[in-house]
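# A look at the structure
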Amino acid sequence: MSDPREALAGQLAEAVASALAEDLRHQPRALLVVSGGSTPVAFFRALAATPLEWARVDVTLADERWVEESDSDSNARLVREELLQHEAAAARFVGLKTAAGTPEEGAEEAAARLEALAWPASVVVLGMGTDGHTASIFADSPELELALATRDPLVAVRAPSQRQPRITLSADRLHRARRHFLHITGDAKRDVLARALPGDDARELPIRAFLACPLAIYWAP
Ligand SMILES: O=C(O)[C@H](O)[C@@H](O)[C@H](O)[C@H](O)COP(=O)(O)O
């Protein structure tokens, strides 16, 4: 029997590629917003191998750790190494990390880069932590309420639970997409999602800010 997580990654890649292709029939460029972390690797590899007019696709991140791309924690590095390969190498990547020393100092330049992209995004792919965070909207961060409420595109985040300062697309900006996918695996995340679904306080479990997008949930054991 095939690995359920590999099968899920392939199904998600198929759905995302189909969404991008559909939008490219009606507009000059299509925007894909992806999350980092470990879960997306199989999805990125499957999507990278998918034929598409990638030269007309912009890719950006839902969030970024404020580290150099040489750092193994960099989401930009993950995207370049796992997604922007093969067929998808032709896509235009717009990262969130700038040369500024902190995300607070870099947010303005990063926001200017984002404004040039084809909003609303065709697709936003979210992950989720077992604390219910998504992107870098963390329940323990002092910037939580701002990230949930601001209409600014980006928020600098300093969550005590996280090793590095981060920058995240705000909930408002993440909502500016035609399609939202949640890509999670394992029983622990399934249980967190089960706890999130009946509630509505996104301050407790930030994933709740996206449960009515509508949201296509891609989960495997
Ligand atoms: O930068 C990040 O870490 C992601 O954007 C983050 O929101 C991720 O989706 C979750 O933390 C899940 O991460 P895993 O896939 O590693 O469990």
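Residues numbered from 1 in each chain as written. Predicted model: local features only at pLDDT ≥ 70, side-chain atom pairs only at ≥ 80, totals over all residues. Heavy atoms only, no water.

## Details of the site of the ligand
What surrounds the ligand is a group of 15 residues, the closest being Thr 39, Asp 63, His 133, Ala 135 and Lys 189. Between the ligand and Asn 75, the relevant distance is 2.8 Å, taken from an oxygen atom to a side-chain nitrogen or oxygen of the residue. Within the contact set of the ligand, an oxygen atom lies 3.4 Å away from a side-chain nitrogen or oxygen of Arg 166. Contact with the protein chains covers 87% of the free accessible surface of the ligand, which is 420 Å². Residues that form the shell around the ligand fall into these classes: two nonpolar, nine polar and four charged. (Near = heavy atom within 4 Å. Polar contact = N/O pair within 3.5 Å; in protein donor to acceptor, adjacent residues only side chain to side chain. Areas by Shrake-Rupley, 256 points an atom, 1.4 Å probe, with all protein chains shown as cover. Nonpolar A, V, L, I, M, F, W, Y, C, P; charged D, E, K, R; others polar.)

## Quick look at the confidence of the model for the protein chain
Low pLDDT means the predicted coordinates in that region are not meant to be read closely. Mean pLDDT over the protein chain stands at 97; residues scoring 70 or higher make up 100%. Confidence, expressed as mean pLDDT per element, reaches its minimum in the protein chain at helix α4 (residues 103-115) with 97 and its maximum at strand β1 (residues 30-34) with 99. The ipTM, which scores confidence in the relative placement of chains, is 0.97 for this predicted complex, and the corresponding pTM is 0.98. (pLDDT = per-residue confidence, 0-100. Helix = DSSP H or I, 4+ residues; strand = E, 2+ residues; numbered from the N terminus.)

## What to know about the side chain of Glu 82
Inspection of the secondary structure puts Glu 82 in helix α3 (residues 75-82). Judged by its relative accessible area of 17%, Glu 82 is buried. Side chain to side chain, Glu 82 and Arg 45 meet in a polar contact 2.7 Å long. Other than its neighbours up to four places away in sequence, Glu 82 contacts Val 41, Phe 44, Arg 45 and Ala 48. (Buried < 20%, exposed > 50% of the residue type's maximum accessible area, 1.4 Å probe, protein only. Contact = heavy atoms within 4.5 Å.)

## Concerning the pairing of β1
The element β1 is largely enclosed, with a buried count of five among its five residues. What you see with β1 is no split at all: Ala 30, Leu 32 and Val 34 on one side and Leu 31 and Val 33 on the other are buried throughout. The pairing of β1 with strand β2 (residues 57-61) spans five bridges and is parallel. Considered in β2, the bridge of Val 34 is made with Leu 61. For the segment spanning β1, helix α2 (residues 40-48) and β2, crossover handedness is right-handed. By the bridge criterion, two bridges tie β1 to strand β5 (residues 123-126) in an arrangement that is parallel. The residue of β5 that forms the bridge with Leu 32 is Val 123. (Pairing = 2+ DSSP bridges. Right-handed = clockwise from strand over helix to strand, strands pointing away.)

## A closer look at the environment of Arg 163
The topology assignment puts Arg 163 in the loop between β6 (154-157) and β7 (166-169). Judged by relative accessible area, Arg 163 falls into the exposed class, the value being 69%. For Arg 163 and Leu 84, which are 79 residues apart along the polypeptide, the C-alpha to C-alpha distance reads 26 Å.

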